[in-house]
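This is what each chain is made of:
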Amino acid sequence: MSGKLFAKDADGCLPGRRGTVPGWLRAVLRRRAVLAREPFALFRDEAGFTTAGVACALLVTLALVFTSAQVYRVSSASADVQNVADAAALAAENEVAEFMIAVRVCDAVVLSLSLTGAATAGLGVAALCTPATAGASEVLLKAARKVVEARDEFAEKASAGLNRLQKALPFLAAANAASTASANDGGPMGASYVALAVLVPADGEELGVGAAEGAGDLVDDAEREADGIRQAAADAEEAAREANAWKERAFLRDCGDDPSYCMSERARTLAGMAGADNPRYASVDAWSFSVALDRARAYYARRLAVEAPEGSSTEERARSALRQRFYAYAADEVGRGYVHESVDSFDARFPHLPKNTDEMRGTALYTEEVYPTTVDGSGSLVVHAWHGCPEAGGAAGAASIAEMEAGGSAPCPACGFTAASMGKVAAASTSIQNGFEYHYEAVAQAADEYQKARAKLDPLAAEVKGKAGGLLERCRDVLQRAGGMRIDAAPPGRFGVVAFVANTAAAAASTGFASGYVHEAGSLGVRAAVSAATLLAEPSDEGRSVVSSLLDGLREEGGAAVGALGVVLECWSGLLGAYLEGQEAVEEAVGNAVGALPFASASGLGTWAAGAFKAAAEALGLEPAELEALKPVLVSSAHVAGAEGSSFSARFLAVKARAVAHPLASTDLFSSVITAAEAAAVEAIAGLDGTIEIASVRLFGDEGPAIPVTIALPQAAKDAAAGFASSAASALRSLYAQVTGVKTWE
């Protein structure tokens, strides 16, 4: 058979040899025929995947899985530097936020001291207006001067301290960024981060707060006027006590003694008066002399209207007629009375009614020609008590009591009318306590004496109000100026921060994920990233809470004092809250200070002065400070650098633009911009330790407690050596040499 070709039949067997070829051979021959027709039949057949196909698929899948995982691992390790850069930028900008908290605390202290100085001066002026507080006025005015001096000293030192802190801010930001970056060292890839943060702008605007305007001059003038105001207030108080004593006496005789004998009780009993015609007051503070005068008017009008004889005898009818004459006269006289009273003046007229015959002769009762006259059998003139007298029939004329006494007329045999008859009408009720006129006369006398005392009091009170009122008006102006003298800061980093971070650790690409499916070749070299952050004001109570807690600490450290100094200390404590609450806290602090002193006085000058002082504080209209929480947030570095025109920002933007246009040709990014940031950080390091004292509050000068306002530095700044910024910059610049092989000489 060698060398010959035989044709196969349909089953692939040689002719004449069917049934003699083994089965396995026939299967192989058939498989070869299939492979010839279908090249991939090795991996699959009619029954599904072949063993070879499954094995090959598993190998390919595992290779792809491990390769993809390795790619993800490398990409993730490379991207970690960006996350660290973001964290470093946020940490750096957080130092600017902390600085702004320090500014707010200093602003609150300056504002509160300004308000306290003016308020203490005003309180001292008000205290001059009453003897009860005059002793405290000297202490208050001296304390006001010390508070003003403490305010100016604190403002000067706070400005200097904040300016020092501003200069240190670039270093503090860089230190915090480096600390944050180094905290991420290690890990599966053995990272080693170096970072440098650059504040934009690198320099802040100089802070300065002027002296308190007008406060010192107000204290000077108050001390100069103090003796005159104090003496006038003392004299006014004495005159007021005298006046009030007379007013108290008049009140008791009018209605204060009711239900015992007094005008209101007699009017009710004798004339049946009640209601509005006969009011009753429980306190002299609500009563006035006009009440007694109105009661007397109503009483005599009522007595005149209801007067009637108590019997039918001629004598009784005569007495009733004379009483009518008296009541008519009294109603007319009392009707001419008046009371003109105000806080600053008193003028009144209480007509005095006659209480005997002699006094009657000095009134219209003596001269009025209303009594009928007749002539008796002897030709003598007879004057009768009234027209109804039995002997007055045919009376041809009328005469007065004065004419009756001058002409020597004979007494009427029926009514017995004489001058003494009219004199006795008022005598009985004026001389004894059960008569209305007795108590009315006491009120009239008290009104006269009260008017005399007021004549001494009112000019003195006017003098006190004139001098003290002018000073309190100036206190209002000083308070308003104090409310506008604030600390405004424009610190380094107010536009944001740019952070440069690099991972200088080289590591095999398979570190932490070695696999036989991926060829182990190459390593991860230096990775670098840039990030930027800025401050965003967030509407929340966090900023308020932080400042509030710091101010609470100042209150607690302020110590304790008693007397007038204690009032000043409490006032300052309350006015610290004005930074947070505005006008509400001002009014509360001033109200508490006023309430702590005994301003009540007989003259009312203490109450007036306290009210004028509170009105001056109410006119301030202070608004609370803006206390939104300042939060660092990530932003585009181009936005931060583009916010100002420094050489660093210009260089950074130029390099970034070139990097975007030619990414492969921009490997000198760090070495181009790092040097611009190094100098500012190095300059700020000198003299730093664990804390920076901004200033101390000495509310009462060297004799009082010193309350420091300090800022704690971040731990990274405490531990950093003077060469920190330079070493960080050098490490970042050296990256250029690692990548390009070219050393940059500085």
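Refer to the structure above for everything that follows.
Basis of the calculations
Residues numbered from 1 in each chain as written. Predicted model: local features only at pLDDT ≥ 70, side-chain atom pairs only at ≥ 80, totals over all residues. Heavy atoms only, no water. Pairing = 2+ DSSP bridges. Helix = DSSP H or I, 4+ residues; strand = E, 2+ residues; numbered from the N terminus. Axes fitted to C-alpha atoms, helices over the stretch in contact; angles between N-to-C directions. Parallel < 35°, antiparallel > 145°, perpendicular 65-115°, else oblique. Left-handed = near helix turned anticlockwise from the far one by under 90°. Contact = heavy atoms within 4.5 Å. Buried < 20%, exposed > 50% of the residue type's maximum accessible area, 1.4 Å probe, protein only. Nonpolar A, V, L, I, M, F, W, Y, C, P; charged D, E, K, R; others polar. Core = buried A, V, L, I, M, F, W, Y, C linked by side-chain atoms within 4.5 Å. Salt bridge = Lys/Arg side-chain N within 4 Å of Asp/Glu carboxyl O. Phe/Tyr/Trp six-rings, centres within 6.5 Å; stacked < 30°, edge-to-face > 60°. Expected span 1.5 Å × (residues − 1). Arc of directions from axis to C-beta.

Student: Tell me about the sheet that holds strand E9 (residues 496–503), and please be specific about residues and values.
Tutor: Strand order in the open sheet formed by four strands is E3-E9-E12-E13, with antiparallel pairing between adjacent strands. Lying at the two open borders of the sheet, with one neighbouring strand each, are strand E3 (193–200) and strand E13 (629–634). Adjacent strand axes in the sheet meet at a mean angle of 25 degrees, parallel and antiparallel pairs treated alike. Where strand E12 (residues 527–538) meets E13, six bridges bridge the pair, whose relative direction is antiparallel. Paired with Ala533 across the strands is Leu634, a residue of E13.

Student: Outline the packing of helix H14 (residues 563–576) against helix H16 (residues 583–595), listing residues and values.
Tutor: Running from N to C, H14 and H16 cross one another at 165 degrees; their axes reach a closest spacing of 8 Å. Judged on the interaxial angle alone, H16 and H14 are roughly antiparallel. Regarding H14 and H16, the two cross each other, and that crossing is right-handed. In this structure, H14 uses Val567, Cys571, Gly574 and Leu575 to contact H16, whose residues at the interface are Ala585, Val586, Ala589 and Ala593.

Student: Quick one: what's the story with the environment of Ala453, residue by residue and with numbers?
Tutor: Position of Ala453 among the secondary structure elements: in helix H12 (residues 436–484). A sequence separation of 207 residues divides Ala453 from Trp246, and the C-alpha atoms of the two residues are 8.8 Å apart. The contact partners of Ala453, leaving out residues within four places of it in the chain, are Ala239, Glu242 and Ala243.

Student: Lay out the pairing of strand E5 (residues 346–349) in plain terms, naming residues and giving numbers.
Tutor: Of the two faces of E5, only the one carrying Phe346 and Ala348 is buried; Asp347 and Arg349 on the other face are not. Examined bridge by bridge, strand E4 (residues 338–341) and E5 share four bridges and lie antiparallel to one another. Across the sheet, Glu341 pairs through a bridge with Phe346, a residue of E5. Taking the residues between adjacent antiparallel strands as the criterion, E4 and E5 are bridged by four residues.

Student: Outline the packing of helix H6 (residues 289–306) against H12, listing residues and values.
Tutor: The contact between H6 and H12 brings their axes to 11 Å, and the two run at 145 degrees. The way H6 lies across H12 gives a crossing that is left-handed. Listed contacts from H12 to Phe289, Ala292, Ala296, Tyr299 and Tyr300 of H6 are Phe436, Glu437, Tyr440, Val443, Ala446, Ala447 and Tyr450. Partitioning the contact of H6 with H12 into residue classes produces 11 nonpolar, no polar and one charged.

Student: Provide a residue-level description of unusual backbone geometry, including the pertinent values.
Tutor: Omega for the peptide link from Val200 to Pro201 comes to -5 degrees, which places this bond in the cis form. Tracing the sequence through the fold places Pro201 in the loop between E3 and helix H4 (215–256). With an omega of 20 degrees, the peptide bond running from Asp258 to Pro259 counts as cis. Within the element layout of this structure, Pro259 appears in the loop between H4 and helix H5 (263–271).

Student: Describe the nonpolar core, naming the residues involved and giving the relevant values.
Tutor: If you look at the biggest cluster of nonpolar residues, it comprises 114 residues, and the most contacted ones within it are Leu115, Leu123, Val586 and Phe613. The greatest single-element share of this core, amounting to 26 residues, is contributed by helix H2 (residues 51–127). Other than its neighbours up to four places away in sequence, Leu115 contacts Leu479, Ala482, Gly483, Leu575, Ala578, Val586, Leu620 and Leu622. Formed by 60 residues, the second largest nonpolar core is a distinct cluster that contains Phe251, Cys255, Phe326 and Met404.

Student: Run through the pattern of salt bridges, naming residues and quoting values.
Tutor: With the rule as written, the count across this model stands at 33 salt bridges. Close ionic contact of Arg494 with Glu205 constitutes a salt bridge, the shortest N to O distance being 3.9 Å. On the criterion of sequence distance, the pair formed by Arg494 in the loop between H12 and E9 and Glu205 in the loop between E3 and H4 is long-range, its members being 289 residues apart. Its relative accessible area of 28% is what places Arg494 among the partly exposed residues. Residues Lys452 and Glu449 are paired through a salt bridge, measuring 3.6 Å at the closest nitrogen-oxygen approach. Of the two residues, Lys452 and Glu449 both sit in helix H12, three residues apart, roughly one turn of that helix. Overall, the relative accessible area of 24% leaves Glu449 in the partly exposed class. Several salt bridges share partner residues, and in doing so they unite Glu307, Glu316, Arg319 and Arg323 into one network.

Student: An account of the packing of aromatic side chains is needed here, citing residue identities and associated values.
Tutor: Counted under the stated rule, the structure contains 13 aromatic pairs. Considering the side-chain rings of Phe289 and Phe346, the 5.5 Å spacing of their centres and the 55 degrees angle between planes classify their relative orientation as tilted. Residue Phe289 is found in helix H6, and its partner Phe346 is found in strand E5; the two are separated by 57 residues along the sequence. Ring centres of Phe350 and Tyr440 lie 6.3 Å apart, and the angle between their planes is 40 degrees; on these two criteria the pair is classed as tilted.

Student: Explain H16 residue by residue, including any values.
Tutor: For H16, built from 13 residues, the straight-helix expectation of 18 Å at 1.5 Å per residue is met to within 8% by its first-to-last C-alpha distance of 18 Å. Every buried residue belonging to H16 is among Gln583, Ala585, Val586, Ala589, Val590, Ala593 and Val594, and all of these are buried. For H16, the angular spread of buried residues about the axis comes to 165 degrees, placing them on one side. Of the residues in H16, the exposed ones pointing more than 90 degrees away from the buried face are Glu584, Glu588, Asn592 and Gly595.

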